[in-house]
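Okay, here's what each chain looks like letter by letter:
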2 protein chains.
Amino acid sequence: MTEADLPRTDFHPYRWGDPAHRTTLPAAATETLAAFGVRTPEQPPAELDSIELAASTVDLAALAEVVGIEHVSAEHDARLARTRGWSTPDLLRLRAGDATDAPDAVVLPGSHQEVVDLLARCEQLNYAVVPFAGGTSVVGGLAPERAGFAGVVALDLARLDAVLAVDEVSRTATLQAGLRGVEAERLLREKGLTLGHFPQSYEGASIGGYAAARSAGQSSAGYGRFDDMVMGLELATPRGTLSTGTAPKSAAGPDLRQLVLGSEGTLGVITSVTVRVRPLPAERVFEGWRFPDFATGAAALRELAQDGPLPTVLRLSDEAETSVNLADPAAMFGGGPGGCMAVTGYEGTAAEVATRRAGVTEVLTAAGGQALGTEPGEAWRTGRFRAPYLRDPLLDAGVLIETLETVTFWSNLDALRAAVTEALSSTLTAQGTPPLVLCHISHVYETGASLYFTVACAQTADPVGQWRQAKQAANAAIRAAGAAITHHHGVGTDHRATYAEEVGPLAIEALRAVKAVLDPAGILNPGVLLPRAEG
Amino acid sequence: MTEADLPRTDFHPYRWGDPAHRTTLPAAATETLAAFGVRTPEQPPAELDSIELAASTVDLAALAEVVGIEHVSAEHDARLARTRGWSTPDLLRLRAGDATDAPDAVVLPGSHQEVVDLLARCEQLNYAVVPFAGGTSVVGGLAPERAGFAGVVALDLARLDAVLAVDEVSRTATLQAGLRGVEAERLLREKGLTLGHFPQSYEGASIGGYAAARSAGQSSAGYGRFDDMVMGLELATPRGTLSTGTAPKSAAGPDLRQLVLGSEGTLGVITSVTVRVRPLPAERVFEGWRFPDFATGAAALRELAQDGPLPTVLRLSDEAETSVNLADPAAMFGGGPGGCMAVTGYEGTAAEVATRRAGVTEVLTAAGGQALGTEPGEAWRTGRFRAPYLRDPLLDAGVLIETLETVTFWSNLDALRAAVTEALSSTLTAQGTPPLVLCHISHVYETGASLYFTVACAQTADPVGQWRQAKQAANAAIRAAGAAITHHHGVGTDHRATYAEEVGPLAIEALRAVKAVLDPAGILNPGVLLPRAEG
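Residues numbered from 1 in each chain as written. Chains lettered and ligands numbered in written order. Predicted model: local features only at pLDDT ≥ 70, side-chain atom pairs only at ≥ 80, totals over all residues. Heavy atoms only, no water.

## Here we look at the overall build of chain A
Right, so step 1: A tally of helices and strands in chain A yields 19 helices and 18 strands.
Right, so step 2: Taking 24 Å as the expected radius of gyration for a compact globule of 535 residues, we find that chain A reaches 23 Å, a close match to that expectation.
Right, so step 3: Dimensions of chain A, computed from the C-alpha atoms along their principal axes, are close to 65 × 60 × 45 Å.
Right, so step 4: By residue count, 61% of the 535 residues in chain A fall in the buried class.
Right, so step 5: As displayed, chain A has an accessible area near 17900 Å², and 52% of this comes from carbon and sulfur atoms.
Right, so step 6: With 42 positive and 63 negative side-chain charges, chain A shows a separation of 2 Å between the mean positions of the two kinds. (Helix = DSSP H or I, 4+ residues; strand = E, 2+ residues; numbered from the N terminus. Rg over C-alpha atoms; globule rule 2.2 N^0.38 Å. Buried < 20%, exposed > 50% of the residue type's maximum accessible area, 1.4 Å probe, protein only. Areas by Shrake-Rupley, 256 points an atom, 1.4 Å probe, with all protein chains shown as cover. Lys, Arg positive; Asp, Glu negative; His and termini not counted. Charge placed at Lys NZ, Arg CZ, Asp CG, Glu CD.)

See below:
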C-alpha cells in the first residue's frame, strides 16, 4: 500500500477550499489593516512537512482485513489532511504546528457493509472513530476526545460517492454520504435535476456532512434546509444498520430521521441519504436591494417570509457588512453604497420567476427598499463562495477573522443581534483588539430568522485564546437571549457546553441513552455533540 | 367531591362527536343495505348505565393530595367517558358492554407542575397513566396494557385549556394541551389569527393530541401538518420537565421536538405547544373538479404538489368513493357524477386566492380535469365533519364500517392502493361479507401522498374479530409495499406490531432507551407505540 493509492482530500490542511481559488489581499486592504494596528505575525505558518505527528497506535493490518490494504494509511500527509476542520481556531492550531488531534490512521471503506464491519472491528480494538467526508466542520466536529481509546481512526467516506438511485416520478435521489456537494449537483444535472443546496462550504462539503450537521444552503428560502429535504437515511452503527424513512411524512412514532440528522457522527455513520430533488431551473435572476437601515430591511424580509412571495435566495447585510462588502474582495474596505444591502434570487421557470419577482418587488418597494438591479445581485452570486478565501491571507497578515451564527424568533432578533455584537465587541476590545463585527440575515422562516456574524480584529500573540474568550462571550449572549446556539454550523466540541445548557440535562441523558444503544462502547466521535458520560 | 364538579368530555362513550350533530340513515340507504344482506344486529348496543366496570383499585386520596379532591373521580360515568377512543373496534366493544380498558380513576391536573407531580406520585403508587385530552384516538392509543400495575389513571388535560402566549410579530402562539381544536380556533380568531388545522376529528380533538399523534388537517396543503407547525413543546415526565424548541429551526443536534411529536404519551405528557399561527384568511373558495379516472386525477395532484401552485385543500376521491359521496349523506348511495371527484380549496387574501386559483385551474384543466364550480366544493366544506356521524347509525343497522390510512412516495402510490384494496376485499369476502372499499388522496407532498380508505360491509356475528382479520391483512399489505403504517392516525396499540417491523429492532431499542430515561418505571401508556420490553 502506498499513499498514492489512497483517494484523499484535495484541500490544504489549513487553507480554505479549492487551491485554484486562493486569493491575496488587495493593496488597499493591506494599508487599511496597518492603520488598524494589524501586524504580520512574527512566526509564519508551519510548513506541512515540518508538522510532527505522534506515532500511530493503530493496527493497520486489522483494519485492512475489512477494507483491503490499499484503503488504509497511517502516512503523515493522509493523517494531516484529516486533522480537524475549517474553523479559524482549527487553522491557527495547525499553522502553529499543533496536530495533536490528528487521527492515527485513515481508512476508506467501499460499501455500507464495510462501514458496519469497520465499526465492529474498531469497537473490538477500542479505537475511536471520526466519520470524515468533506472535513469542513467549523465547530470542532472532527476533533474528538481520545482519552481511554487505543487509537483514533478517521473513517473517510470518499469512496462512497455514487448516486444509488433516482426516482424521477417521486423526485427523490439516493446519494452516498461521501459524495461532495459539487459532484452531486453535477451528477443530478445530467438528469435535469438539482438538489438546490449551496452552503458556504459547497466546494468542500459532502452529502453525509450536510445531513449529520443539518446544513442550510444559501438558497434555503426556495429549496429549504438540507434536513427538510431528507426523506430517508442509512446509518451504519457498531450494532448494525438503522434504516429510516418510508414515506415523505408519517405519523408512525417520533421522526427517526430527525434523530439521526444533527447527530454529527455520534450515533452512527450516515452512508446514504434519500433526498427530495427538483428540476433544474430554466431561469435564474439575482438582484440587489438597498434599505435605509437594518430594522427596515429586516421588517421587509419578515413580510416576505410570513406573507410571501418568497424568493429562492433572500439575504440582508447590516450597515457594517454592507460597507465592507465581503462578497467583492476587490472593493473590500472601499466603502459600499450606504444603508443595508439585500440580495434576492429567483430560480424556476421563466413564468414563475417573473411572477415571484414582481410580487417581491412590490413588497420590498412598499417596505422602503430601493431596487439596485441585477448587477449587485449577480456580483453576489458569482462571488458568493469567494469570501472565505480571504481568511487565509488575512490570517497571514495578522488579522483574526472568524464567523458564528445563531437563530431565533422574529420578535427576539434585534435583541439577539445587539447582545451578540456587544459580547464580541466588549470581549475583544478588553483584549486591546477592538473588532469589526458584521452581521447578516441569510435564512428566513415564518416565525424567525438566522443571524450570521463575521468578526475581524488584530491578532494578539495568542489568537486561539483571544478568540476563545470572544466566542465564549458570544455563546453566553446567545444562551441568555434564549436563541439556538447554532443555525447551521452544528455543535461539534465548540458548542457542546452551551448546547447542553440549551437542551437541558434530561435531553442530554436521553440522547446518551440512544447513543448507548447504537454505540455501546462510545467509539463514535467521543466528546462531539454530547459531553462524555464521565465528563 | 362529586362527579358534577368534574369537567368532563361532552361526548358519548361510543358515539362519534358532538351529540347535536347526530344523524340517521336516509330511507334509501336502509333499503340498499337490506339488498346487500345487511341485517340489524340481534343485540342492541348496551345502555351506558348497564356497562359494568371493575372496582377501582386506585387510591383517590393520594392523587387528590396533588390536584385537590374536586379534581379526582372514580365514578362510573367519568371512567366510562375515558374508556378507549373512537375506532370502530373501540365502539363495538363498548356497545357489547365490554369496558375492560376503563381507567380506575380520572384525575384533572390544573398546571404543568401538577402534571409533573402527578406522574411522580403515580410512579410511587405503581399506577399506569393514560394521558387523555380529546379522547379521539382511532388506533387504540387510549388502551394501555395494565399487567403489572396497581391501577390505571386517566390523566385528563381538560383544565389545561388556555392560550398562554401569542407573539404577533413572530406569529406563534403557546397553547395548552387540553385546549380543544375548536376552542383554540375561537380564541385565536379573537386576535385575527388561525392555526388552520382541521382534521376529521376537529370537533373532539385537542392540541396535545394533535402533537402526540402527529395529526394532519384537511388544509394540510396550505397550512402543513401539525408537526410542521410546532416550534416548541413542554413535556412533563416522571423525571421532571423537558422543554424543547428555542428557534424555528436549528442545527443544534437532533430535533428533539420531532422525538416528542408522535411519542403518543409514552415519553411524557405534553402540557403545552408553541405553534406557528397565521392571519385569518380574508377569503375562502372551495371548488369541485371531475377527472375521468383516479390515475389521471392523481397525476394532476402530483403536478400541483411538485410544481405548484398549491391550493390550501387538495383531495381526490377514487371512482368508488365518488359514486358513494360520503360527504353528502342525503345523496348517499344515490349515484355520483361519475369519474373521480376532486376538491380544491383556497384561503388567503383575495388577490392571493385569485392568483392561486387561476394557476391551479390552468394546471388541472390541462391535466384532464373538468371544473364543477363552487357548489360541490362548498358542499364538501360544509359537510366535511359530518361523514363520521354516519358510522353510528350504520353500526346500528348492522354495517361494519371503518377507515385506515397510509402514505408512500408517488411512484409507489398505485401499487399501494391496489395492494391494500385487494387485502381488504379478499379478507372480508372470504368471511362472506364482500366489502365496499373507497379511497381518497387527502394529503400531498412533493415526493408522495397519503391514501385514506373507507371500508364497509355487512357485520358478521363477531364484528370485532371480523375487522381484526381485515385490518391485519391491510397492515401486512402496507408493510409489504414499503409504505408507512400510518400517515396521521398514529400507532397506538393497533399498529404497534407493524410499526416495530417498519422501523426495525434497533430503532425500537433506541426509543425504549429514551423512554427508560424519561419514564424509568414505564408507567406512561404502557404497550402503546412500543412493545413492552418484556413482550
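## Considering helix α4 (residues 88–95) of chain B
Along an α-helix, residues three or four positions apart point the same way, because every turn accommodates 3.6 residues.
Residues and elements named next belong to chain B.
Right, so step 1: Across the eight residues that make up α4, a large majority, seven, are buried.
Right, so step 2: Every buried residue of α4 is accounted for by T88, P89, D90, L91, L92, L94 and R95.
Right, so step 3: Structurally, α4 contributes buried residues whose contacts are with α3 (76–81), α15 (391–397), β16 (399–409) and α17 (463–480).
Right, so step 4: Count one or two residues on from α4 and you reach G97, which has phi positive near 85°. (Contact = heavy atoms within 4.5 Å.)

## Some thoughts on the relation of the copies chain A and chain B
Right, so step 1: Superposing chain A onto chain B requires a rotation of 180° together with a translation of 0.0 Å along the rotation axis, leaving an RMSD of 0.0 Å. In short, the pair behaves as if placed about a two-fold rotation axis. The position closest to the rotation axis in chain A is occupied by the C-alpha of A513 of chain A, lying 2.8 Å away.
Right, so step 2: A shared interface surface links the copies, since 100% of the contact residues of chain A are contact residues in chain B too. (Least-squares fit on C-alpha atoms with pLDDT ≥ 70 in both.)

## With respect to the packing of aromatic side chains
Right, so step 1: Considering all chains together, one arrives at twelve aromatic pairs over all chains under this definition.
Right, so step 2: Taking the centre distance of 5.3 Å and the plane angle of 80° together, the rings of F11 of chain A and W86 of chain A count as edge-to-face. Here F11 of chain A is found in the segment before α1 (27–35), whereas its partner W86 of chain A is found in the loop between α3 (76–81) and α4 (88–95), with 75 residues between them in sequence. The burial state of F11 of chain A is the same as that of W86 of chain A; both residues are buried.
Right, so step 3: Connected via pairs of aromatic rings, a cluster forms that spans F11, W16 and W86 of chain A.
Right, so step 4: We note R417 of chain A situated over the ring of F294 of chain A; from NZ or CZ to the ring centre the distance is 4.0 Å.
Right, so step 5: For R384 of chain B, the ring lying beneath its charged end belongs to F198 of chain B, and the centroid distance is 5.4 Å. (Phe/Tyr/Trp six-rings, centres within 6.5 Å; stacked < 30°, edge-to-face > 60°. Lys NZ or Arg CZ within 6 Å of the ring centre and 35° of its normal.)

## A short note on the domain arrangement of chain A
Right, so step 1: Partitioning chain A into structural domains gives domain 1 (3–17 + 45–156) and domain 2 (283–385).
Right, so step 2: Taking only C-alpha atoms into account, the centre of domain 1 of chain A sits 41 Å from that of domain 2 of chain A. (Domains from an automatic or database assignment.)

## A look at helix α14 (residues 374–383) of chain A
All names here are of chain A.
Right, so step 1: The complete set of buried residues in α14 reads G377, W380 and G383. Buried positions in α14, seen along its axis, are confined to an arc of 145° and lie on one side of it. Exposed positions of α14 whose direction lies more than 90 degrees from the buried face are E375 and T382.
Right, so step 2: Packing partners of the buried residues in α14 comprise β12 (283–291), β13 (313–317), β14 (340–348) and β15 (370–373). (Arc of directions from axis to C-beta.)

## Comments concerning the sheet that holds strand β5 (residues 163–167) of chain A
Residue and element names in this part refer to chain A.
Right, so step 1: If you walk across this open sheet you meet the five strands as β5-β6-β10-β8-β9, and the pairing is antiparallel. Because the sheet does not close on itself, it has two edges, and the strands there are β5 and β9 (240–244). Each adjacent strand pair in this sheet contributes to an overall mean axis angle of 10°, direction not counted.
Right, so step 2: The pairing of β5 with strand β6 (residues 172–176) spans four bridges and is antiparallel. Across the sheet, residue V163 finds its bridge partner in β6, namely L175.
Right, so step 3: Taken strand by strand, helix α5 (residues 112–125) contacts β8 (230–237), β9 and β10 (269–276), and its axis lies near 40° from that of β8. (Pairing = 2+ DSSP bridges. Axes fitted to C-alpha atoms, helices over the stretch in contact; angles between N-to-C directions.)

## Details of the pattern of salt bridges
Right, so step 1: Throughout the structure, instances matching the rule amount to 58 salt bridges over all chains.
Right, so step 2: Note that D227 of chain A is salt-bridged to R225 of chain A, the shortest N-O span being 2.9 Å. By the burial criterion, D227 of chain A is buried, and R225 of chain A matches it.
Right, so step 3: Between R146 of chain B and D104 of chain B there is a salt bridge whose closest N-O contact spans 3.5 Å. Linking R146 of chain B in the loop between β3 (127–132) and β4 (151–156) with D104 of chain B in the loop between α4 and β2 (105–107), this pair joins segments that are 42 residues apart in sequence.
Right, so step 4: Here D104 of chain B falls in the buried class, since its relative accessible area comes to 3%.
Right, so step 5: Salt bridges sharing common partners tie together R15, R95 and D396 of chain A. (Salt bridge = Lys/Arg side-chain N within 4 Å of Asp/Glu carboxyl O.)

## Describing the state of the cysteines
Right, so step 1: A complete count under the given rule lists zero disulfides over all chains for this structure.
Right, so step 2: Of all cysteine sulfurs in the structure, the one in C340 of chain B sits closest to C439 of chain B, which takes part in no disulfide; the separation is 9.8 Å. (Disulfide = S-S within 2.5 Å.)

## What to know about the interface of chain A and chain B
Right, so step 1: Facing the 73 residues of chain A at the interface are 73 residues of chain B.
Right, so step 2: Applying the counting criterion to the chain A and chain B interface returns ten salt bridges.
Right, so step 3: The interface formed by chain A and chain B includes 32 residue pairs in polar contact (both at pLDDT 80 or more).
Right, so step 4: When its residues are assigned to classes, the side of chain A that touches chain B shows 32 nonpolar, 23 polar and 18 charged. (Polar contact = N/O pair within 3.5 Å; in protein donor to acceptor, adjacent residues only side chain to side chain. Nonpolar A, V, L, I, M, F, W, Y, C, P; charged D, E, K, R; others polar.)

## Quick notes on the packing of helix α18 (residues 496–503) of chain B against helix α19 (residues 505–518) of chain B
All names here are of chain B.
Right, so step 1: For the pair α18 and α19, the least separation of the axes is 6 Å and the interaxial angle reads 110°. Classified by the interaxial angle, the pair formed by α18 and α19 is roughly perpendicular. Where α18 abuts α19, its residues Y499, A500 and V503 lie against A507, I508 and L511.
Right, so step 2: For the contact of α18 with α19, the residue count by class is six nonpolar, no polar and no charged. (Parallel < 35°, antiparallel > 145°, perpendicular 65-115°, else oblique.)

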